[in-house]
Amino acid sequence: MNDIRQSACPLNCWDSCGFHVTVENGKVVKVDGDPTHPITKGKICGRGRMLETRANSPERLLYPLKKINGEFKRISWETALDEISGHLKEIKEKYGPLAVLHSHDYANNGLLKNLDQRFFNCFGGVTELTGSLCWGSGIEAQKWDFGDAYSHGPEDVLASKNIVVWGRNVARTNMHFYQMLQKAQKQGARLIVIDPLYNATAKMADDFITVKPGMDGLLAAGIMKEIIRLGLEDHSFIDAHTEGYEDLLELLEGTSMASISEMTEVSIEEMTRLAYVFTDKPTSTYMGLGMQRYKNGGNTIRLIDALVAISGNVGIKGGGANYANLQVGQSFSFDQIALSHRKEQKRQFTMMKQAEEILSAVNPAIHMIIVTCGNPLTQVPDTNRVKEAFASVSKLIVIEQFMTDTAMLADYVLPAAASFEEEDIYYSSMYHHYVNYGPKLVESPGEAKPDLWIWTQLANRLGFGDEFHFTRDQWLTMGLELLDSNGKTLEALKQNHWLELPVKKIPWQDHVFKTASGKYEFTSQLGKTKDGNGRLKLSLPEESKWTDKKLAHEFPFSLLTIHPLRSNHSQNYHLYSKEPEVKIEVAQNIADDLRLQEGDRARVWNKRGEIEGFISILKKGHPNTINIDEGIWSRFGGSVNTLTSSSESDNGLGSTLYDCLVNLEKVL
Ligand SMILES: Nc1nc2c(c(=O)[nH]1)N[C@H]1C(S)=C(S)[C@@H](COP(=O)(O)OP(=O)(O)OC[C@H]3O[C@@H](n4cnc5c(=O)[nH]c(N)nc54)[C@H](O)[C@@H]3O)O[C@H]1N2
Ligand SMILES: Nc1nc2c(c(=O)[nH]1)N[C@H]1C(S)=C(S)[C@@H](COP(=O)(O)OP(=O)(O)OC[C@H]3O[C@@H](n4cnc5c(=O)[nH]c(N)nc54)[C@H](O)[C@@H]3O)O[C@H]1N2
Ligand code: SF4
Ligand SMILES: [Mo]
């Protein structure tokens, strides 16, 4: 029988789409968009459609596996759970709970995926990861400036006169915002794109500004200098609602337009043009995550925030420094789920430096790693070091749907349920403010089990099973407790399949900020407690000719490793009908200088590692820039992260994945 059911996309993505899923004879046969969803309106991307291929793939992991003499052997769940809980007990007794590391990312946006934290907290508190490879620098930056990271509601962009898309690959990563941009443009808004790559969003822009990677903070400073020179700053906002403006002025006075232009590789005329764009209000700014994956990532976002502030675009309809929308996540009751007070001990490694930290940890050393919802061997920077670290522990447990690079290294692999095989609710704190309901539609193949089942079984064996004896309804109700008072109940969500969360659609409209002063802080009091003075800085990437001449001489090209079109990170490469290859996209000047042709084979390397692939030429890519899409598995020639650096960004919470110099040569 053919049955079309409403559901939702679980992937870590801006859009958090509503789905129509066709189920036939107990199998998912098609994934489509739910036309009733208020934001995603029946349109979904290829990654969403491919969830059907993922669910039904013959490569799915079906049984618990244990590595014996270098080979995986099938074992029963009973044995796997008894042995793993036995190891957990023994390690805790001998070395304490911190000898276990929980390595994870956010592959699945389900609320109940956070129950892993409950498990580890009840266990006594393991070594946890903090910071984020994804958006960490920018989130922290906006906390310093505004007190939190909030975006305008999706419809608000239609009120903008000008829209600046700054380092966000909208056409590829955020398709429903792309449609909003098209609509806004049709209504007369001007679209400006600032990016080192001439991407599909740049193609539709009225104005495209190409910038040297990592130099956006300086570019924002140049635009601010021009605004001030022209006397276009918004004094009514600055005087009444901000702190530290004098410090900003002093910073800007300390540098010249000529040097900003030289370093950003953006002309002064373009900066003047942008000064008029920002002050021709309302102008909205939509920042992406690419440009904060640099050493100076926090300051970059802070300088762009400052530009939005001095031009009077904060808290107004059609304006905003839109980056992420933490209001969405803040609608749920995480602590009810995570029970963080149950932690007896605490130790944190940053996500970026997890490999180094594993290798150097003492008192206690790391003896076991449990990996969930992540694929660190391809996604965490400095793959060679990650491999060394993950191979160094005596027990590596990976809970996975597929035999990824990380799973290959494991001592135990536990097969996880995939989308549509368990009930959950899905949301994303990146773009819109709707939460979606996803019922269980089909059974898992083989013996694959939901993560929650695995935590419950392990908890039973470790003596805190009582903390896991709840039904899905009870868990979800717990997570929705905060919303309940607003009439946003689980029943309503189940019935309607999506619910609007009670967020402010024009954040900061009341000009009451969540900072210590209650004002917008150019000089941040929170920042002061962390870096000593909390001031804005004109800082630079770690790997550039301005910071390390010798390194830049040896490795003259900037390597970006942006998100792939058809895969969410590493999730789909093995499912393509044509075997994927590493594509090295090079700016035209590199192709000219090295006499490269489309399809040539080349090698890209730096001191951390190397990778080979075929050349594709970016006619309008910023000079000396290379891109290799992230996520590709080692069996197809990856990972690009063999080249990237595990440095942390300036505020300590973000990655520097795109702050990466390389060299390239043709391979004959
Ligand atoms: N198709 C697809 N969509 C996805 C994902 C995916 O894997 N595939 N992943 C999802 C996730 S987890 C995330 S975090 C988001 C990310 O969404 P985005 O932020 O849109 O994507 P990124 O690939 O990180 O890079 C965005 C853009 O930053 C630009 N960029 C890089 N360096 C600089 C710089 O120095 N300055 C400027 N101005 N621009 C720069 C790149 O050229 C690129 O156009 O996408 C989500 N959507
Ligand atoms: N070079 C480079 N590296 C990057 C980035 C970049 O732009 N460039 N982007 C960074 C960003 S923004 C992000 S968000 C990270 C993403 O990093 P990851 O989240 O580690 O990347 P994914 O490839 O999505 O891997 C997730 C794994 O989780 C598994 N999985 C999916 N659902 C479930 C589930 O329900 N349970 C369990 N147990 N497992 C599940 C999938 O099969 C997959 O193998 O990568 C970062 N790494
Ligand atoms: S990956 Fe993103 S755009 Fe694609 S279906 Fe899922 S939520 Fe929608
Ligand atoms: Mo991400």
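It should be emphasised that the depicted structure is a prediction, and the values quoted were computed from it without experimental measurement.

Another point: unusual backbone geometry. Note: most peptide bonds trans; most residues except glycine with negative phi. Note the cis peptide between lysine 281 and proline 282, where omega equals -5 degrees. As for its position among the elements, proline 282 is in the loop between α13 (268-279) and β12 (283-287). Cis geometry is adopted by the peptide bond preceding serine 639, which originates at glycine 638 and carries an omega value of 5 degrees. With respect to the helices and strands, serine 639 occurs in the loop between β26 (625-627) and β27 (661-666). Backbone geometry places asparagine 25, a non-glycine residue, at a positive phi of 45 degrees. Along the chain, asparagine 25 falls in the loop between β2 (18-24) and β3 (27-33). With phi around 70 degrees, tryptophan 508 is a residue other than glycine that occupies positive phi space. With respect to the element layout, tryptophan 508 can be found in the loop between β20 (498-500) and β21 (520-521).

In this section: the sheet that holds β2. Overall, antiparallel pairing links the three strands, which are arranged β1-β2-β3 in an open sheet. The sheet terminates laterally at β1 (2-8) and β3, the two strands that pair on one side only. Within the sheet, the average angular offset between the axes of one strand and its neighbour, ignoring direction, is 30 degrees. As defined by bridge partners, β1 adjoins β2 across seven bridges and the pair is classed as antiparallel. Along β2, the bridge assignment pairs asparagine 2 with glutamate 24.

About the criteria used
Residues numbered from 1 in each chain as written. Chains lettered and ligands numbered in written order. Predicted model: local features only at pLDDT ≥ 70, side-chain atom pairs only at ≥ 80, totals over all residues. Heavy atoms only, no water. Helix = DSSP H or I, 4+ residues; strand = E, 2+ residues; numbered from the N terminus. Pairing = 2+ DSSP bridges. Axes fitted to C-alpha atoms, helices over the stretch in contact; angles between N-to-C directions.

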